[in-house]
Every structure is written in C-alpha cells, then in structure tokens.
Amino acid sequence: MTAEAGLIALWLAAALALLQFAVSFLYIKTEDDNLLKIINPIAIVQGLLCLLSFTMLIFLFLDTDLSVLLVAQNSHIDKPWIFKLAGTWGNHEGSMLLWVSVLALSGAAIALFEKRLDQKTFAATLMVQAFVSFGFYAFLLFSSNPFARLNPAPKEGAGLNPLLQDIGLAFHPPTLYIGYVGLSIAFSVAVGGLISGKINSALARAMRPWALLAWIFLTLGIAAGSYWAYYELGWGGWWFWDPVENASLMPWIAATALLHSIAVMATRDALRSWTIILALVGFAMSMAGTFLVRSGILTSVHAFAVDPERGAFILALMIINVAGALLLYALRINQVRQGKIFNLMSREGAIVGNNIILVSILAIVFVGTLFPLFAEGFADQKISVGPPYFNKATIPFIFLLMILLWAGPLLRWRQDNAERISKKLLISAICAIILLLILVVTLPDTPILSMIAIALSLGLAVASFLPLMGRNLRRTPLPIYGMVIAHFGIAICAFGMASESGFSKQLLKSVEIGDTEQLANFDVKLKNVIPVIGDNWVATQAIIEVRDSDSRSIEFETLKPEQRLFFNPNQETSEAALMTRWNGQLYAVLGKKNEDGKWQLRIWWKPFVTWIWYGAIIISLGGLISLLGRTKRRKKKREEVNPWA
C-alpha cells in the first residue's frame, strides 16, 4: 500500500496546486480577504503532501519493493542502503518527483515566511508558483508515474547504473535541485510583481534571500558534480563543457547576475527592468537544463528519459512558463518605472558591467550547448562544439570580469571617481604584475593564458579584502564579509583552474610489475596487481607505491586504482586513486593488461587542482554569511517595530 499512498498524496497535492492557483486568481480579481486567508494553508498542505509522496518513494527503494516498476528498474536486493537511497532520484521519474517536491516545499516556504510583499503581489506569487507546480504534477501523473506497479515482480531487480553508485551522487542531485527550483521563487516573485504592477525595492528585498539560497546550493551542487566526475569517470578532468554540465552552469551564471542586480534594486531602487528579466532568465535556464537532461535528446549518465513524448511534455511546460512570463514582461514593461539614476563610475555602474559580462558568457554557453542539437534536429548535421570553442570564447570575458571584481566593491553608490580608489587598486595590480613577471622568467614554457589567469587570481585575492580597509571590523555588516569571502573564493577557484590547466603533467605508459617511472617530483612503482571482491562487484586492483624523488626518505604512499566489473547491471568502470597534497593531487588510473603482460597506467600530477573545490566551498560560505547577515538584520528591524515579534 506504500506505492498507492504515495500516488494518492501526489494526486491530492496536484489538486491543491490547482485550487491554490484558482483561489489566488480570484483574490487578485476581487481582493476578498476571506480568500487570502485560505491561500497559505493550501500552499503548506500541498507542500506536505508532495513531501509525503516523495517519502513513500524513498521507503519503496529502501525496502526494495520490486513490485514497483521504478524500483525494479533502478535497484537490487543486494545494493548497500545508501545506493538504494540514491536510486530514488537516480532515474527519471524519481528525479522529477524530487524536483516537484522541492518546488512544492518552496511554495510552502513562501506561505510561511514571506512577509515583505504586499497582499496582491503575495497572492500573485503563490498563484504563479502553483501554476508552475501543477504543470510538473501533470507531467508526473500522466507521463512519468513513479508508483506504477509491475506484475509479476522480479526476484532481484536490474540495479542502479554503476557510475551513479557513489556517495557523491547521494548528495549532488538534491543539492542541485534546491538551487534549480529555488530560482522558481525568484521567478514567481518577479511575475507576481508584474501582475500586481508593484516593481520596487521591497520586491527586490523579498526576492533576495530566495535567490541567494538558490545560488548557494547551485554552487555546492555544481562543485559536487564536478568533483564526482573528476574522480569517478577516470578521465582526469574536472570540467569538459559537456551539455549536461552546461545545463547546470547556465542557471548559476544567471543567478550570479541576478544577485548583483537585486543588490542594486534593493539598496538603490535602480535596475528594475534588468532585475525582473534576470529573474525570468534564471528560471528559464533551469527549465532549459531540465529539458536537456530529462528529454532524452542527450546521451549521458545524467539523461534518464528516452521517451520523446516526455521530452515534448517538458518542452511544452518550458514554453508555457517562460514564454508566458516574457510576454507578460513585454506587455507590462511600460509600467516598470526606470528607478533612480546613477553615474557610470559608481558601484551600480560596475554591477551593470559585471552583469553584461555574465550575460555574454551565458549567451556563449547557451549557443554552444544548443546549436549542435538544433543543427542535428533541423539540418540533420552532426556538429561538435567542444572545449576549444568554449575556452576561446569565454576566457577573455572571464579575465575582464576578474579585473572588474577588483574595482567594483571599492566604488561608492551613485557616483565616484577613479582617483579615489586608484591607490588601493595599485596594491592588487603590483602583486599581479610581479607574479606574472616571475612566472614568465622562471616558467617560460607555461601557456601565457594560464600565467595571466594566475596573476589575475592573486590580484583578485588581494583586492577582495580591500573593502575592509578603513572600516571598523567589529561593526562591519555580515553581508560585507560575505561579499569579501565569496570574491576571495572566486580567486582561489580561478587559481586552481589556471594552475591545473598550465602545470599538469601526465604519464601514460605500459609497465611491468616492479617497474618504476618518474612523474613530476614523484617515483611511481607498480608493486602488484591483485583481484578484489566488493559488495556487488569484482575488481582488478593495482598496488602503486609513490615516493617523493627529492627526498631520501624510504617512506612511501600507496595508490590503489581499480578496474571494476559490476554484476547488477553488468558494466565495467574505472576507479581512480588519488593522493592529495596541499599543492595538488596525484591521480592514477589502471588500464587493461596488454598481450605482452604489461599493464596500462595513466597517472597525472595536477598542481593545486583541489583549490578549485576549496574555492567553491569558500564562495558558498560567503553566500551563507551574507544570507545570515541579512536574516539577522531583518529580524532586528522587525523587533524594533514590534518588540513582541
């Protein structure tokens, strides 16, 4: 009965979403306060019912109920419980139910916590959220039922894709989905403002915490996915400009631009139109990412749907939601007042420049990701757009963005002059130039773009702390610290990317047991190759001893890369082995055994590669500090107005 209970809860949640839409619509038309009183309970109960439905699906997977088609296709009785849990969203139907659950809970969160919007805008926001939710409920109930029964039930189950049987994949999708769907709140608030006609700083202040929360989770989700692909796929890279990777990157870029624009609108009541359109574009990119991954038009471990009808359904939802919002924006644009004027040489001007660069990068990624699909669909031509296009097209914009990040936070609102901040900027510039000269002289064979990126990242690391100069640090608001830490995290991340790209070394060789090779400053010896048995796999495991060739010490570290064969389903995978140092990682992959008895080994030394993910964590920490600071400030203001609040 667990499956039936989950399906009933899903139907009831869908019915409440439709009711929420209808009641909100009637309130906007009539402004009857009695209608307003029941909108919140409907939204809260809808969120709880959808959560109940998803919880039932989790129970089905943990219990390995093979009479449910989805469980039989994506789980196995012998799987460890953590992978049974991950199997809940490691498939099309389960991942979409997770998406809808986060969407419904977001609507409930608006009903519970959002107090800054006027009543009409609040009702319009919940109306839009219900409309978006109902579309996905319909998709699940009529096209992708996660609770469909299977008769007769198999004895074991097909199992989960071995590439997804990893602890990182138990956390990566939920984190990313909170980010994706979190942008739906910014979308709903923006459309709600267009419907009510009240586009002002209060709207931006209401939108900001939701957009910031979504951005934090998007950052963590993308970083987790990047690290998973890095160590699990055995390709030795952390980003490949794969369409699925781009599908998560595009909403993040849009959300980053949106956050900066919201800051201007909330603080200075400017950039109103820009903020609204970025809120629409951010959710549009989330919908586009959902279409790419779930429609079946991509071949990937992430792309679970293979039914063209499902793809058409998702595409229809995207067109209705996004095109409808853009049409409303076009109709109401004349009613959106310009807002306050500012000088180009100001913090607002720097943020506009920042957003233009980010939108340009977004356009490059969007075109490079979708153009091959359109070319194949309409011209029947296969076109490959890979890293050379994305790197050459985006790197100049990224360099400009890093330079702009030096100066932007130092500028005053409304109007400023370059002379005032030039002395502070000189510190960053001198550090960057000195490092660049050192790199050119000592490492002349390093790619010039990598050297420039490393120098710019050092300049940004120094510049990120300059806004704290001359301040009373004890009285400095937490959002300022959040900005400083986030920008410093970007510098750390950029340094890791540039170092890995410019200084990586690779050893690809067939070796016999007992052979020793040298890579960078390490002596690498293939000590042995042995069989290993796991829970639901067998493996060939290499025992590799690694010594520091510059040291006379006899101490060594051991790496154990594997070639695994999974039973359910039958599939081979490469399990990389990592040796982490403060300044990089040694990355080892075991290949096949040659006819001459030698083993294929591929080993990389990747300087400072871990700084990429350390930087992402620091960026997220900065966002969290900013969110906590604004929440604390809002609570303090509410207590000043009402001490009993």
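Small disclaimer: the values here were computed from a predicted structure and weren't measured.

What counts and how
Residues numbered from 1 in each chain as written. Predicted model: local features only at pLDDT ≥ 70, side-chain atom pairs only at ≥ 80, totals over all residues. Heavy atoms only, no water. Phe/Tyr/Trp six-rings, centres within 6.5 Å; stacked < 30°, edge-to-face > 60°. Helix = DSSP H or I, 4+ residues; strand = E, 2+ residues; numbered from the N terminus. Buried < 20%, exposed > 50% of the residue type's maximum accessible area, 1.4 Å probe, protein only. Lys NZ or Arg CZ within 6 Å of the ring centre and 35° of its normal. Pairing = 2+ DSSP bridges. Axes fitted to C-alpha atoms, helices over the stretch in contact; angles between N-to-C directions. Contact = heavy atoms within 4.5 Å. Salt bridge = Lys/Arg side-chain N within 4 Å of Asp/Glu carboxyl O. Domains from an automatic or database assignment.

### As for the packing of aromatic side chains
Summed over all chains, the structure comprises 27 aromatic pairs. Seen from their ring centres, W241 and F390 are 4.7 Å apart, and the 10 degrees between their planes marks the pair as stacked. With W241 in the loop between α8 (201-232) and α9 (243-268) and F390 in helix α13 (residues 387-407), the pair connects residues that are 149 residues apart, well separated along the chain. Residue F390 is classed as buried on the basis of its relative accessible area of 1%. Through successive ring pairs, a cluster of aromatic residues spans Y227, Y230, Y231, Y587, W604 and W613. In this structure, R347 is placed above the aromatic ring of W413, and the distance from its NZ or CZ to the ring centre is 5.1 Å.

### Here we look at the sheet that holds strand β10 (residues 599-607)
Pairing is antiparallel in the open sheet, where four strands are placed in the order β1-β10-β9-β8. Edge strands, defined here as strands with exactly one partner in the open sheet, are β1 (505-511) and β8 (577-581). Strand-to-strand, the axes of this sheet are offset by a mean angle of 15 degrees, without reference to chain direction. Lying over the sheet, α8 contacts β8, β9 (584-593) and β10, oriented at roughly 45 degrees with respect to β9. Helix α16 (residues 478-503) contacts β1 and β10 of the sheet and is inclined by roughly 135 degrees relative to β10.

### A word on the pattern of salt bridges
Summed over the entire model, instances satisfying the criterion amount to 13 salt bridges. Measuring nitrogen to oxygen at the nearest pair gives 3.9 Å for the salt bridge that ties R268 to E348. One end of the pair, R268, is in helix α9; the other, E348, is in helix α12 (residues 347-379), and 80 residues separate them in sequence. Take R268: its relative accessible area is 23%, and that puts it in the partly exposed class. Note on E348: relative accessible area 1%, which makes it buried.

### Observations concerning the environment of K382
With respect to the helices and strands, K382 occurs in the loop between α12 and α13. Measuring from C-alpha to C-alpha, the distance between K382 and P372 comes to 6.7 Å, with ten residues separating the pair along the chain.

### Here's the deal with the domain arrangement of the protein chain
Where the parts come together, the accessible area they lose is often given as the size of the interface. Looking at the protein chain, the domain boundaries give domain 1 (1-160) and domain 2 (505-607). Placing the centre of domain 1 and that of domain 2 at their C-alpha centroids yields a distance of 45 Å.

### Quick look at unusual backbone geometry
Cis peptide bonds are those with omega within 30 degrees of zero, and the linkage from N151 to P152 qualifies with 5 degrees. Mapped onto the secondary structure, P152 falls in the loop between α6 (119-143) and α7 (172-196).

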